[in-house]
Amino acid sequence: VATERTLILVKPDGVQRGLVGEVIARIERKGFRLEALELRTLEREKAEEHYAEHRERPFFGELVAFITSGPLVALCVSGEGAIAGMRTLMGATNPLDATPGSIRGDFATEIGENIVHGSDSPESAERELGIFFPDRF
Ligand code: DAT
Ligand code: MG
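Conventions we followed
Residues numbered from 1 in each chain as written. Chains lettered and ligands numbered in written order. Predicted model: local features only at pLDDT ≥ 70, side-chain atom pairs only at ≥ 80, totals over all residues. Heavy atoms only, no water. UniProt positions renumbered as here; feature names shortened; annotations may be inferred. Helix = DSSP H or I, 4+ residues; strand = E, 2+ residues; numbered from the N terminus. Buried < 20%, exposed > 50% of the residue type's maximum accessible area, 1.4 Å probe, protein only. Areas by Shrake-Rupley, 256 points an atom, 1.4 Å probe, with all protein chains shown as cover. Lys, Arg positive; Asp, Glu negative; His and termini not counted. Charge placed at Lys NZ, Arg CZ, Asp CG, Glu CD. Pairing = 2+ DSSP bridges. Axes fitted to C-alpha atoms, helices over the stretch in contact; angles between N-to-C directions. Contact = heavy atoms within 4.5 Å. Near = heavy atom within 4 Å. Polar contact = N/O pair within 3.5 Å; in protein donor to acceptor, adjacent residues only side chain to side chain. Phe/Tyr/Trp six-rings, centres within 6.5 Å; stacked < 30°, edge-to-face > 60°. Arc of directions from axis to C-beta.

Per an unreviewed UniProt entry, the protein chain carries the name Nucleoside diphosphate kinase and comes from Egicoccus halophilus. Taken verbatim from the UniProt record of the protein chain, the Cofactor (unreviewed entry) comment is "Mg(2+)".

In structure tokens form, the structure reads like this:
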């Protein structure tokens, strides 16, 4: 497995609930590295760009409203197999389906408030890192 980097977000619900340290601790304990970290509130345009693949979905408006609703923490995480590895640490998109022991499985119940985002492929990772850290990656 190659060394990869991926964009991770602790979404506004995770920041609001004080779970930033918990999420970062799990990432570090797993053995992945933090390459960049920023607390910011996302502008609507950036949110729409980040979630462009979901533009036609019925929940798109809610998704953009939620992700812009308060500060989030954006991270670049790297390591062997970091893209799939972080998806495993996060758990399934719907927290009710997420395995206990995963972030979503341990801390969430609602699909619309599932604490974390992680890129789903090398292409998405590079695209998303370019949105959040344009002068770094
Ligand atoms: P993931 O975040 O696991 O990559 P995704 O890319 O399919 O999942 O969807 C992006 C986010 O959109 C997801 O984290 C929560 C929200 N979402 C997905 N499906 C939804 C649905 N059916 N209803 C409401 N929100 C949804
Ligand atoms: Mg996704």
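Draft legend 1. Quick peek at the overall build of the protein chain. Along the backbone of the protein chain there are seven helices and four strands. Listing every helix and strand of the protein chain by position from the N terminus yields β-α-α-β-α-α-β-α-α-β-α. The 137 residues of the protein chain split such that 47% are buried. Here the protein chain displays about 7000 Å² of accessible surface, and carbon together with sulfur accounts for 49% of that area. Within the protein chain, one finds 16 positive and 23 negative side-chain charges whose respective centroids are separated by 2 Å.

Draft legend 2. View of the sheet that holds strand 2 (residues 33-40). As summarised here, the arrangement of the four strands in space is 2-3-1-4, forming an open sheet in which the pairing is antiparallel. Both outer strands of the open sheet, strand 2 and strand 4 (116-118), are each paired with one neighbouring strand and no more. When strand polarity is set aside, the average angle formed by the axes of neighbouring strands in this sheet is 20°. Along the sheet face, helix 7 (residues 122-132) touches strand 1 (3-10), strand 2, strand 3 (72-80) and strand 4 and points at about 50° away from the line of strand 1.

Draft legend 3. Expanded view of the site of ligand 1. Neighbouring ligand 1 are K11, Y51, H54, F59, L63, R87, T93, R104, I111 and N114. Between ligand 1 and H54, the relevant distance is 2.9 Å, taken from an oxygen atom to a side-chain nitrogen or oxygen of the residue. At 3.1 Å, a side-chain N or O of R104 approaches an oxygen atom of ligand 1. Within the complex, the protein chains bury 77% of what would otherwise be the 530 Å² of accessible surface of ligand 1.

Draft legend 4. A look at the packing of aromatic side chains. Inspection of the entire model under this criterion finds one aromatic pair. An angle of 85° between the planes, with centres 6.0 Å apart, marks the rings of F133 and F137 as edge-to-face. For F137, a relative accessible area of 26% puts it in the partly exposed group.

Draft legend 5. Up close: helix 5 (residues 82-90). Of all the residues in helix 5, the buried ones are A82, I83, G85, M86, L89 and M90. The buried residues of helix 5 all sit within an arc of 165° when viewed along its axis, so they share a single face. Opposite its buried face, helix 5 presents the exposed residues A84 and T88, each directed more than 90 degrees away.

Draft legend 6. Focus on helix 4 (residues 60-67). Considered for burial, the residues of helix 4 that qualify are F60, L63, V64, F66 and I67. The buried residues of helix 4 occupy one face: seen down the axis, they fall within an arc of 165°. On the buried face of helix 4, the contacting elements are strand 1, helix 1 (12-16), helix 3 (44-50) and strand 3.

Draft legend 7. Main features of the UniProt feature "domain: Nucleoside diphosphate kinase-like" (unreviewed entry) in the protein chain. As annotated in UniProt, the feature "domain: Nucleoside diphosphate kinase-like" (unreviewed entry) corresponds to residues 3-136 in the numbering used here. Between the first and last C-alpha atoms of residues 3-136 the distance is 17 Å; the span itself is 42% helix and 21% strand.

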